[in-house]
Amino acid sequence: SKLLGLHLRRLLAEDGAPHFNLRFKTLEEFAREVTTPNLLSQGKTEIPSHADELFIGNISRSLAEKEKGFYFHDIKDHPGFHRAILATLKDLKDACLSTEQMDHIVTDTKIAKEVHLQKLKDLLSLWKAYEKRLQGLGWYDESDVMISACQWVKDSIFLKQTPKMIIYGFYDFNIVQKRLL
């Protein structure tokens, strides 16, 4: 976080260690620097704060009205449900999974026997509708930033201007973080 960066700079200063032109960034901040110019050149903008929760609420209500057996029908407006779905979608995207890959999983008869199929199908419906809404508005979310950074990091001016980099504070990387590094 920015507070950790500030703390580390102050700690170096208190210890008398020179640290001219030393920058502290989270991996997400670095990914945002790499990705934002490319996404903006494509006409995309970051999703406004809390719009994702509104999307999930709207999508889940719409699916509950259209599909009789919608798995999440009874909790579609329950406090915390929208954030929980978004956290799940973030986990899936951060694992570098796509809706197309999940389609394959849902249709694989061996896997279908091992999972709660209706729940997975309805989660996939939510995810597809969410992605369609993002694309339709030309927006991207935090996970899209990390995924896009993986594509553009090797050509990044920020990386070329950085002779050395230290990654600090991680003990377990997710898939997208590993790919970025």
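The coordinates are above.
Residues numbered from 1 in each chain as written. Predicted model: local features only at pLDDT ≥ 70, side-chain atom pairs only at ≥ 80, totals over all residues. Heavy atoms only, no water.

Draft legend 1. Seen up close, the state of the cysteines. Tallied over the entire structure, the rule returns zero disulfides. No disulfide involves Cys96; its nearest neighbouring cysteine sulfur is the one of Cys150, lying 6.0 Å away. On the basis of relative accessible area, Cys96 is assigned to the buried category, the value being 19%. Among the residues examined, Cys150 registers a relative accessible area of 22% and is labelled partly exposed. (Disulfide = S-S within 2.5 Å. Buried < 20%, exposed > 50% of the residue type's maximum accessible area, 1.4 Å probe, protein only.)

Draft legend 2. Representation of the pattern of salt bridges within the structure. According to the stated counting rule, one finds nine salt bridges in the structure shown. Glu53 is the salt-bridge partner of Arg83, the closest N and O atoms lying 3.7 Å from each other. Of this pair, Arg83 sits in helix 4 (residues 81–94) while Glu53 sits in helix 3 (residues 51–66); the two residues are 30 residues apart in sequence, bridging distant segments of the chain. One salt bridge in this structure joins Lys128 and Asp103, with 2.8 Å as the shortest N-O distance. Pair noted here: Lys128 is in helix 7 (residues 117–137) and Asp103 is in helix 5 (residues 99–107), with a separation of 25 residues, a long-range link. Among the ionic contacts, a cluster of salt bridges with common partners joins Lys93, Glu131, Asp141 and Asp144. (Salt bridge = Lys/Arg side-chain N within 4 Å of Asp/Glu carboxyl O. Helix = DSSP H or I, 4+ residues; strand = E, 2+ residues; numbered from the N terminus.)

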